[in-house]
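Reading the structure
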Amino acid sequence: MNTMLMLVRLSLQSLWSRRGTAILIVLALAMGVALLLGVEKLRQGARNGFANTISGTDLVVGARSGSLNLLLYAVFRVGNATSNASWSAYRRIAEHPDVAWTIPLSLGDNHRGYPVVGTSEDYFSHLRYGRGRQLEFATGKAFSDVFDVVLGAEVAAALAYRVGDEIVVSHGLGEIDTNAHDDRPFRVSGILARTGTPVDRSLHVSLAGIEAMHIDWRQGTRQPGIRFTPERLRGMKLQPRAVTAFLVGLKSRFAVFTLQRDINNDRREPLLAIMPGVALQQLWSLMRNVEWALTAIATLVALSALLGMLAMLLAGLGERRREIAIFRSVGARPWQVIFLITSEAVGLVIVAMVLGLAVLFGALVLAENWMAETYGVRPAASGLGTLELLYLAGILLVGLFAGLLPSFAAYRRSVADGLTIRL
Amino acid sequence: MIELEDVQFRWHPSGPVVLDIARLSVEAGERIFLQGPSGSGKTTLLNLLGGIVLPQRGRIGILDRELAAMSAGERDHFRAGYMGIIFQVFNLVPYLSLVDNVSLPCLFSHRRRERARSRAGSVRQAAEDLLAALGIPPSQFSGAMASELSTGQQQRVAVARALIGDPEIIITDEPTSALDQENAETFLNLLFRELAARKATLLFVSHDQRLASRFDSRLTMAELQRKPVSAP
């Protein structure tokens, strides 16, 4: 029998004799491993989900404000635009020779807390998310009438709407409908498939629909006098005078910097054009502290489990002192004594890692779809990245150290004890 | 078999000389009773003979091999191959079965393993034969852990471990001090019987005077030491 194998077998027998404690240590370590890697997976998933919110769009354009503000309201539909971009400016850019398509966005209304987006049919054909994925209809079709509305998946699911239902849209972003446009209900024409992006939380109507909602409103309150019936509105030319923001897709991406500069320097109207990827990076960097805190907590959990193991090994050392004297008497070399104790620690850590990974991937596989649908975060259940491998290597290294520490202590004692067993 | 000449040892270079032996010679097959109170250097002598430590002066030859000429690893290997050691108490690894405890030297020494095999066919068989010869019930061979045995039984298992693979030298460190008179007698009878069958040399360190008369020769640490031990 190979010497190493025999030593491993001895250390396994030793561990087995303390299996109660060993199992607890393995469980604690496995939790630490699963937590550390789980936080990392979630972080990456959140980051990817975040970056996947919008793709294929070269520029986001709105009234001049901050780039994060523009990104937040135009892409994430959070917060308010301070002012709008004029219709003429929008048309001017839409007709620019380098521009392939534009998606106008008219924001500011809501339905039971979900944002209402006025837009054009281009929204459904050109908006991309993830790795260039297109929007798809789960049921129904895009709006064709002024009073048609297309629902995001989450809106439809949360409010139990189906194609053909009539809903009322209110002005403003608040949840409370104090001034609902209740006399002109919208009919659900289609429901989009789930994307895991803010689209799921949005209701989409045509720009004409937004105009129709507001035609008898001025300064945020209803004007007395003329009543506009839906029939009458359908016959009117509902030309918007402004949009809140718009997304721009270029024929060639090389034009992006030129066009961005042209828009930002346009003296006719103070506009802001941002590249969504760059702005997303900026926004994500705001989350760094949260990321750091999560990683720190997970690291501490893993470390405390390793400390528990160290405590177990050190506590067992007094008893093992006799055992080590016996091993020395039958010819065990010092390195074999050190190996015997260190291999226990490393063995515990390896078993805990395997268990932790099994728990983690099991949980990921089970929770992946739920998380993607609920939070729009899809933790990658596949494979281990470089960082995860580094974490594992780090845990193994600390485990090795936690094993070497008591074994050197044991070895030093065994030198002092020699061929005697101290009581 | 064992030759000590002009051996001087101190634990620390500046510490007191704890052992100073002009000469000690043990013939093959001899059974020596080495007596001395605690603190007389018995333990140090054991460590020197086992090759755990080397003397600062003098030479120790065992089986015509110079311990000082070997590396620490070679001394460990030599000890495993040629010596069986029995402690005062706690001779057994608590998580190993009796057979595994007895077989331990064969894990660390190729020589002992081969000798055990040539005697009994396998290491396991050799261990079981020894345990049976020392009066351990076969039902306890595989299952029993040290904690389930009486002290007398534990010491007999320790004898089996010292004897497996037929080492030339058996060294014991007060193996009977935890036993009553009757158990001590039984222990010694069994030990002598197995030693005789193997023609092994025995160095029996003890202060248990009751047993001294049964040995070939009797030494005291005081006789061995060149001058009185200076108290630390």
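Residues numbered from 1 in each chain as written. Chains lettered and ligands numbered in written order. Predicted model: local features only at pLDDT ≥ 70, side-chain atom pairs only at ≥ 80, totals over all residues.

Each helix and strand counted, chain B has 8 helices and 9 strands in total. Taking 17 Å as the expected radius of gyration for a compact globule of 232 residues, we find that chain B reaches 18 Å, a close match to that expectation. Within chain B, buried positions represent 44% of all 232 residues. Long-range pairs, those at least 24 residues apart, make up 76% of the contacts in chain B with a sequence separation of at least 6. (Helix = DSSP H or I, 4+ residues; strand = E, 2+ residues; numbered from the N terminus. Rg over C-alpha atoms; globule rule 2.2 N^0.38 Å. Buried ≥ 20, exposed ≤ 12 C-beta atoms within 10 Å, placed from the backbone. Contact = placed C-beta atoms within 7 Å.)

Assigned secondary structure in chain A consists of 14 helices and 17 strands. A burial count over chain A gives 39% of its 423 residues as buried. Looking at chain A alone, contacts between residues at least 24 apart form 79% of all its contacts between residues at least 6 apart.

Our next topic: the packing of helix 5 (residues 123–133) of chain B against helix 6 (residues 151–163) of chain B. All names here are of chain B. Contact pair helix 5 / helix 6: the axes reach a minimum separation of 9 Å and the direction vectors enclose 140°. As summarised for this structure, helix 5 and helix 6 are arranged oblique, according to the angle between their axes. In this structure, helix 5 crosses over helix 6, and the sense of that crossing is right-handed. Between helix 5 and helix 6, the contacting residues are Ala127, Leu130 and Leu131 on the first element and Val157, Ala160 and Leu163 on the second. Of the residues contributing to the contact of helix 5 with helix 6, the split by class is 6 nonpolar, no polar and no charged. (Axes fitted to C-alpha atoms, helices over the stretch in contact; angles between N-to-C directions. Parallel < 35°, antiparallel > 145°, perpendicular 65-115°, else oblique. Left-handed = near helix turned anticlockwise from the far one by under 90°. Nonpolar A, V, L, I, M, F, W, Y, C, P; charged D, E, K, R; others polar.)

Let's shift gears to the sheet that holds strand 3 (residues 31–35) of chain B. Residues and elements named next belong to chain B. As summarised here, the arrangement of the 5 strands in space is 6-7-8-3-9, forming an open sheet in which the pairing is parallel. Here the strands that pair on one side only, and so sit at the sheet edges, are strand 6 (83–86) and strand 9 (217–220). Averaged over all pairs of adjacent strands, the angle between their axes in this sheet comes to 15°, without regard to strand direction. Here strand 6 runs beside strand 7 (residues 169–173); their pairing, made up of 4 bridges, is parallel. Within strand 7, the position partnered with isoleucine 86 by the bridge is threonine 172. The strands touched by helix 1 (residues 42–49) are strand 3, strand 7 and strand 8 (201–206); relative to strand 7, the strand with the most contacts, the crossing angle is about 155°. (Pairing = 2+ DSSP bridges.)

A few words on the interface of chain B and chain A. Tallying the contact residues gives 27 residues for chain B and 17 residues for chain A. Broken down by secondary-structure element, the contributors of at least two residues to the side of chain B that touches chain A are helix 1, helix 2 (72–82) and helix 3 (98–108) of chain B. Looking at which element gives the most residues to the side of chain B that touches chain A, the answer is helix 2 of chain B, with 5 residues. Taken together, the residues that form the side of chain B that touches chain A break down as 16 nonpolar, 8 polar and 3 charged.

All right, on to the nonpolar core then. Counting 105 residues, the largest nonpolar core has Leu29(A), Val33(A), Met309(A) and Ala160(B) as its most contacted members. At 11 residues, helix 13 (residues 334–375) of chain A tops the list of elements feeding residues into this core. Core analysis: the second largest hydrophobic core is formed by 59 residues, Val60(A), Tyr90(A), Phe143(A) and Val248(A) among them. (Core = buried A, V, L, I, M, F, W, Y, C linked by C-beta atoms within 7 Å.)

Side chains of residues three or four places apart in an α-helix project in the same direction, reflecting 3.6 residues per turn. Turning to helix 3 (residues 67–74) of chain A, its buried residues number three or more, namely Leu70(A), Leu71(A), Tyr73(A) and Ala74(A). Lining the buried residues of helix 3 of chain A we find strand 1 (59–63), strand 3 (99–111), strand 16 (245–250), strand 17 (271–274) and helix 10 (276–285) of chain A.

What follows covers the sheet that holds strand 5 (residues 65–66) of chain B. All names here are of chain B. One open sheet accounts for 4 strands, arranged 2-1-4-5; its pairing is antiparallel. The sheet terminates laterally at strand 2 (19–26) and strand 5, the two strands that pair on one side only. Direction of pairing for strand 1 (residues 2–9) relative to strand 4 (residues 57–62): antiparallel, over a ladder of 5 bridges. Bridged to glutamate 3 within strand 4 is glycine 61. Helix 1 contacts strand 1, strand 2 and strand 4 of the sheet and is inclined by roughly 120° relative to strand 1.

Residue and element names in this part refer to chain A. Taken N-terminus to C-terminus, the directions of helix 2 (residues 19–51) and helix 11 (residues 288–315) make an angle of 165°; their axes are 9 Å apart at the nearest point. What the angle tells us is that helix 2 and helix 11 run roughly antiparallel. The interaxial crossing formed by helix 2 with helix 11 has left-handed handedness. Of the residues in helix 11, those touching helix 2 at Thr21, Ile25, Ala28, Leu29, Met31, Gly32, Val33, Leu35, Leu36, Val39 and Arg43 are Glu291, Leu294, Thr295, Ala298, Thr299, Val301, Ala302, Ala305, Leu306, Gly308, Met309 and Met312. Across the contact of helix 2 with helix 11, the residue classes tally to 16 nonpolar, 5 polar and 2 charged.

Within a regular strand, side chains alternate between the sheet's two faces. Residue and element names in this part refer to chain A. Pairing of strand 1 with strand 16, which is carried by 4 bridges, proceeds in the antiparallel orientation. Its bridge partner being in strand 16, valine 60 is matched across the sheet by leucine 247. Pairing of strand 3 with strand 16, which is carried by 6 bridges, proceeds in the antiparallel orientation. Following the sheet pairing, leucine 105 is matched in strand 16 by alanine 245.

For chain B, per-residue confidence averages 86 on the pLDDT scale, and residues scoring 70 or more make up 96% of the total. At the level of chain-chain contacts, confidence expressed as ipTM amounts to 0.87, with global pTM at 0.71. (pLDDT = per-residue confidence, 0-100.)

Our next topic: the environment of Leu404(A). Mapped onto the secondary structure, Leu404(A) falls in helix 14 (residues 386–417). Expressed as a C-alpha distance, the spacing of Leu404(A) and Lys41(A), which sit 363 residues apart in the sequence, is 31 Å.

Here the focus is the pairing of strand 11 (residues 186–192) of chain A. Residues and elements named next belong to chain A. With 6 of 7 residues buried, strand 11 is to be regarded as a mostly interior element. Bridge count for strand 7 (residues 137–140) against strand 11 is 3 bridges, and the pairing is antiparallel. Bridged to phenylalanine 137 within strand 11 is leucine 192. Across 4 bridges, the pairing between strand 8 (residues 148–151) and strand 11 is parallel. Each bridged residue has a counterpart across the sheet, and for valine 150 the counterpart in strand 11 is glycine 190. As paired elements, strand 9 (residues 166–167) and strand 11 share 2 bridges and run antiparallel to each other. What sits directly across from glutamate 166, in strand 11, is arginine 187.

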